[in-house]
Amino acid sequence: MTDVLYELTDLSKKYTRGKESVAIFEDLTMTINRGDFIAIMGPSGSGKTTLLNLLGGIDKPSGGQVVCNGLRIDNLSQAKLAKWRSSHVGFIFQFYNLMPTLTAAQNVELPLLLTKLSSKERKRRVQTAMEVVKLAERAKHRPRQLSGGQQQRVAIARALVADPDVLLCDEPTGDLDRATADEILETLQLLNSELGKTIVMVTHDPAAAKYARRELHLDKGRFVETGAMA
Amino acid sequence: MISQISAVTSINLRSIPQRWGMSLATILSIALVVGVLLGFLAMANGFRATVSGTGSESIAVLLRSGSQAELNSGFGRDTVRLIETAPGVARDEDGAAILSAELYVITDATKRSTGNDASLSLRGVDDMAPRLRENFELVEGRMFAEGSNEIVVGEGVLREFSGFELNSTIRMGPNEWRVVGVFSTGGSVFDSEIWADIGTVQNLYQRGASYQSIRVQLDGETGLTELQDYAENEPRLDLDITTEKEFFAQSAGGLSNLIMYLGWPLAIIMAVGALAGAWNAMYASVDSRVREIATLRTLGFSGFAAFVGTLVESLLLAFIGGLVGALITYFVFDGVSASTMGGSFTQVVFSFAVTIQSVISGVVLALIVGLFGGFFPALRASRVPLLEVHG
């Protein structure tokens, strides 16, 4: 099996604003290897989140190709993309995006409802995911009964539970104080180093980016690699 | 797919309390629609049950040909004599025809509910009349004495009109009558009548020896045909002969249909209003959960699951509204006694009847409102852009 997880070739994304066409990026080519932990930084409007959306199959490029695990995903139908996302991608959002009426465990179980796993097996996996993020004792709490950091941990458990190829994180610490943000980032780092999870994280925060193995700066539609950790 | 749908539906339903105001307004507007519909249906059903429930297959009603209602009918003693000897008429142990020749006049009485005067039937009968009414029972007092100004009144009259209490004297027109008995025929149209001796009624209303209807007990299954054949071939007779059941069914049809024709259009017009309410509530439901829906779809849930989940929420609100409307109508209207103008321009006392069939009709109407009210919002839910996940 190749070490390359994603291959982006000549990727472009344009938006139309009225009669005007605005290019977010053009001819973007890059690869992401398995086990990478990449921080994508850049000024507002540089296309960081758009790139994440293209990697996650929730947006389609204007041109070029997105290949993940040997499968070209940019030309899949919405239904096939939905199925692909459910088994290959875990999403972590800035504002957690938990279902307020469900308990933490029920939120974590959501991706497993798309599988053929038995109820017993689902419960077992939810328990494991909750233990990984050190929130097993809060399984029956609803999101409003949890702190911001705890809610983000639940979101991480939800992203992990179906054992996806990649975790895509959109400003995962943007809504948290420094100490809590560090805890979340340490958790992500642990998932990368201990479980080998590939992580692509969009962030404004240089301190957060330091937790990644690679930092990429997106500016005017081009990548500038600025640093790497061991 | 089922687990997806049940998860999305569960999330939707659990979030209803977060929008309780809008949801409650939807439930109440649908309850109102169903309440109005069931009110009309209860009225129509009650009236129909009272009038068409009256009458027997083994009793025939004889009216002058073409008269349709007793009020328009009329014939003399000679006609009664011919029927007394006619074939098809059952006879008692002494060989006498089981037959009741009756006179039917309209009188006024005061309604308890409004204090207004309304028309009532005063029926002149002899002692054969009770025998030709199924379920006749004298519940209080005694029957009137022959040749007296005594009356017996149906339970409906006692309930809905004032002045008919047992042993009281009541003036109707120029005459005073004494109430000596109260009878029941099990809620049929006769319970809305006053009965007196036929000779007295003929005298006081100057009707000579005339009659307006004859009721006969038919002799077996072929009795009706035999009697009809006889009447058709006897040149001195000019009569319409039907079973009593058919006679009342025809009388009931017109008014109960009129009530139904008023009730359904009114309910449907109101349903359109409730539809707008349901629409608003469901659009609000979808709009308030755009990010949740986008998140679920980003996780891999299908647009169809989002569609069904929203539709089920709408149907549930409508179903609750329908049940609330049905329950309120049942507790407020079922069994409530009322009176209205019957087939002979006299008051017929009947009870509102909220039947299972009409409850089902009401709930089905509510579900139709829920279905249409939820369809387009559900479509919107299924098409929420995935990029709203960052919203």
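Look a little higher up for the structure.
Residues numbered from 1 in each chain as written. Chains lettered and ligands numbered in written order. Predicted model: local features only at pLDDT ≥ 70, side-chain atom pairs only at ≥ 80, totals over all residues. Heavy atoms only, no water.

## As for the overall build of chain A
Consideration 1: What chain A contains, in helices and strands, is seven helices and ten strands.
Consideration 2: Looking at the 230 residues of chain A, the share that counts as buried comes to 52%.
Consideration 3: A total of about 10,400 Å² of accessible surface is found on chain A, and carbon and sulfur atoms cover 49% of it. (Helix = DSSP H or I, 4+ residues; strand = E, 2+ residues; numbered from the N terminus. Buried < 20%, exposed > 50% of the residue type's maximum accessible area, 1.4 Å probe, protein only. Areas by Shrake-Rupley, 256 points an atom, 1.4 Å probe, with all protein chains shown as cover.)

## Observations regarding the interface of chain B and chain A
Consideration 1: At the interface, 20 residues of chain B touch 23 residues of chain A.
Consideration 2: Interface area, chain B with chain A, both sides summed: about 2,100 Å², of which 64% is carbon and sulfur.
Consideration 3: Looking only at chain B, the three residues that lose the most surface to chain A are B:R14, B:L299 and B:H390, adding up to 28% of its buried area.
Consideration 4: Counting every contact that joins chain B to chain A gives three residue pairs in polar contact (both at pLDDT 80 or more).
Consideration 5: Residue classes in the side of chain B that touches chain A are distributed as eight nonpolar, eight polar and four charged. (Contact = heavy atoms within 4.5 Å. Buried area = accessible area lost by both parts, 1.4 Å probe. Polar contact = N/O pair within 3.5 Å; in protein donor to acceptor, adjacent residues only side chain to side chain. Nonpolar A, V, L, I, M, F, W, Y, C, P; charged D, E, K, R; others polar.)

## Here's the deal with the sheet that holds strand 1 (residues 4-17) of chain A
Residues and elements named next belong to chain A.
Consideration 1: One open sheet holds the four strands; their spatial order is 2-1-4-5, and the pairing between them is antiparallel. Looking at which strands have only one partner, the edges of the open sheet turn out to be strand 2 (20-33) and strand 5 (71-72).
Consideration 2: Direction of pairing for strand 4 (residues 63-68) relative to strand 5: antiparallel, over a ladder of two bridges. Following the sheet pairing, V67 is matched in strand 5 by R72. (Pairing = 2+ DSSP bridges.)

## Brief notes about the layout of surface pockets
Regions of empty space are outlined by a rolling probe, equal in size to a water molecule, passed over the atoms.
Consideration 1: Considering only enclosed or pocket space, the second largest pocket measures out at about 230 Å³ in volume.
Consideration 2: Forming the boundary of the second largest pocket are A:A79, A:A82, A:K83, A:S86, A:L113, A:L114, B:M1, B:S3, B:Q4, B:G300, B:F301 and B:S302.
Consideration 3: Contributing elements (two or more residues each) for the lining of the second largest pocket: helix 2 (78-88) of chain A together with helix 1 (2-14) of chain B.
Consideration 4: Partitioning the lining of the second largest pocket into residue classes produces six nonpolar, five polar and one charged. (1 Å grid on protein atoms, 1.4 Å probe; cavity = no way out; pocket = protein on both sides within 12 Å on 5 of 7 lines; lining within 4 Å. Points joined across faces, edges and corners; volume = space filled by probe spheres on them.)

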